[in-house]
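The primary structure of each chain is shown beneath.
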Amino acid sequence: MLAWLRRRIDKARLKDPRWLSLFDEDPSGEVVSVDCETTGFDTRNDDIISISAIKIRGNTILTSQSFDAFVRPEAEMRADAIRVHQLRAVDVANARSMREVLPEFLEFLGGRPLVGYWIDYDAAMLNRYVREYYGFQLPNRRIEVSKLYYDRKYGDAPQGTSIDLSFAAISRDLGLRQLAQHDAFNDALSAGEMYVQLVDMKERNIRIERAQTHDASSAITAG
């Protein structure tokens, strides 16, 4: 179903007025960088174990206005996921349930667009709970930072160009500090930094050279 039609139907069927603000984009122009860690990588059967979100206003990342919560899962923690985020079942055994955490997250989010790296995955995980508890899907617009990066680096690339949209490649080309990955807060912060830089580059018509370099200052050109 088309996203705009899904939003119209969900809004018309909405039973809880608390979430009406989600359906209208926040007039502040703020966005929220979001990241989730999970028990595994199956959006249908695995659970969220941590959520972090940070508001961004213009080119300012508001780390003082953030949301950060661990979640007690019902699904079993999978070994491949533990290797990624280093969180074990015992680490979240005393955390709150998603039924407790989710309302706080939605109130924090409001109608702001979701920003992230692989944001469709995070939204799909969140939507499982939103649908179950409240009967709708997150209507918030999504902004994928790897798409912004693709436009700046590969938008005019000839056919056959090798494309690298990895988190590491984006961080390297933008000269970002290397935070420990697969920590929800660090990943939300890094995605927010990517977003701010890439939006600024778009506004100034700056492109990223396709020749790989470890010197970020020489990897950015006008045009």
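Up top you'll find the structure we're talking about.
Residues numbered from 1 in each chain as written. Predicted model: local features only at pLDDT ≥ 70, side-chain atom pairs only at ≥ 80, totals over all residues. Heavy atoms only, no water.

Enquirer: I'd like a rundown of a nonpolar patch on the surface, residues and numbers included.
Expert: A cluster of nonpolar side chains, contributed by L2, W4 and L5, occupies part of the molecular surface with about 300 Å² of accessible area. Looking at the element boundaries, W4 is found in helix 1 (residues 3-13). We classify W4 as partly exposed; its relative accessible area is 45%. (Patch = residues over 30% accessible without salt bridge, like charges linked within 9 Å, V, L, I, M, F, W, Y side chains within 5 Å. Areas by Shrake-Rupley, 256 points an atom, 1.4 Å probe, with all protein chains shown as cover. Salt bridge = Lys/Arg side-chain N within 4 Å of Asp/Glu carboxyl O. Helix = DSSP H or I, 4+ residues; strand = E, 2+ residues; numbered from the N terminus. Buried < 20%, exposed > 50% of the residue type's maximum accessible area, 1.4 Å probe, protein only.)

Enquirer: Let's hear about the packing of helix 5 (residues 145-154) against helix 7 (residues 184-203): which residues, and what values?
Expert: The axes of two packed helices give the description: the angle between them and the distance between them. Two elements in contact, helix 5 and helix 7, have axes separated by 9 Å at closest approach and are oriented at 35°. Helix 7 is crossed by helix 5, and the crossing has left-handed handedness. Contacts between helix 5 and helix 7 involve V145, L148, Y149 and R152 on the former and, on the latter, A191, M194, Y195, L198, V199, M201 and K202. Residue composition of the contact of helix 5 with helix 7, by class: 9 nonpolar, no polar and 2 charged. (Axes fitted to C-alpha atoms, helices over the stretch in contact; angles between N-to-C directions. Left-handed = near helix turned anticlockwise from the far one by under 90°. Contact = heavy atoms within 4.5 Å. Nonpolar A, V, L, I, M, F, W, Y, C, P; charged D, E, K, R; others polar.)

Enquirer: How would you sum up the packing of aromatic side chains? Please name residues and give values.
Expert: This model, assessed by the stated rule, comprises 11 aromatic pairs. Considering the side-chain rings of W19 and Y134, the 5.3 Å spacing of their centres and the 55° angle between planes classify their relative orientation as tilted. You can see W19 sitting in the loop between helix 1 and strand 1 (31-38) and its partner Y134 sitting in helix 4 (residues 119-134), a full 115 residues away along the chain. Geometrically, the ring pair formed by W118 and Y121 is stacked, given 4.7 Å between the ring centres and 20° between the ring planes. Linked through ring pairs, W19, F23, Y129, Y133, Y134 and F136 together constitute an aromatic cluster. Positioned above the aromatic ring of F108 is the side chain of K55, whose terminal nitrogen or guanidinium carbon lies 4.9 Å from the ring centre. Sitting over the face of the ring of Y129, R128 holds its NZ or CZ atom 5.2 Å from the ring centroid. (Phe/Tyr/Trp six-rings, centres within 6.5 Å; stacked < 30°, edge-to-face > 60°. Lys NZ or Arg CZ within 6 Å of the ring centre and 35° of its normal.)

Enquirer: I'd like a rundown of the pairing of strand 3 (residues 60-70), residues and numbers included.
Expert: Relative to strand 3, strand 2 (residues 48-57) is paired through 8 bridges, and the arrangement is antiparallel. Across the sheet, A53 pairs through a bridge with F67, a residue of strand 3. Counting the residues between successive antiparallel strands, the hairpin from strand 2 to strand 3 contains 2 residues, one of them, G58, with a positive phi of roughly 60°. (Pairing = 2+ DSSP bridges.)

Enquirer: Tell me about the packing of helix 3 (residues 98-109) against helix 4, residues and numbers included.
Expert: Here helix 3 crosses helix 4 at 100°, and the two axes come no closer than 11 Å. Considered as vectors, helix 3 and helix 4 are oriented roughly perpendicular to each other. Residues M98, R99, L102, P103, F105 and L106 of helix 3 pack against L126, Y129, V130, E132, Y133 and Y134 of helix 4. Across the contact of helix 3 with helix 4, the residue classes tally to 10 nonpolar, no polar and 2 charged. (Parallel < 35°, antiparallel > 145°, perpendicular 65-115°, else oblique.)

Enquirer: How would you sum up the pattern of salt bridges? Please name residues and give values.
Expert: This model, assessed by the stated rule, comprises 17 salt bridges. D42 serves as the salt-bridge partner of R44, at 3.7 Å between the closest nitrogen and oxygen. Judged by relative accessible area, which is 65%, R44 ranks as exposed. Here D42 falls in the partly exposed class, since its relative accessible area comes to 23%. Each member of the salt-bridge network shares a partner with another, and the members are D26, E30, R57 and R112.

Enquirer: Let's hear about helix 6 (residues 167-174): which residues, and what values?
Expert: For helix 6, the tally of buried residues reaches 6 of 8 residues, placing the bulk of the element in the interior. In the segment just after helix 6, G175 is the residue with positive phi, at about 65°.

Enquirer: I'd like a rundown of the nonpolar core, residues and numbers included.
Expert: Counting 31 residues, the largest nonpolar core has I48, I51, M98, L102, F105 and L106 as its most contacted members. At the level of secondary structure, the elements contributing two or more residues to this core comprise strand 1, strand 2, strand 3, helix 3 and helix 4. Other than its neighbours up to four places away in sequence, I48 contacts C36, E37, T38, V71, P73, M98, M125, L126 and Y129. Membership of the second largest hydrophobic core comes to 20 residues, among which are I56, I143, Y154 and F167. (Core = buried A, V, L, I, M, F, W, Y, C linked by side-chain atoms within 4.5 Å.)

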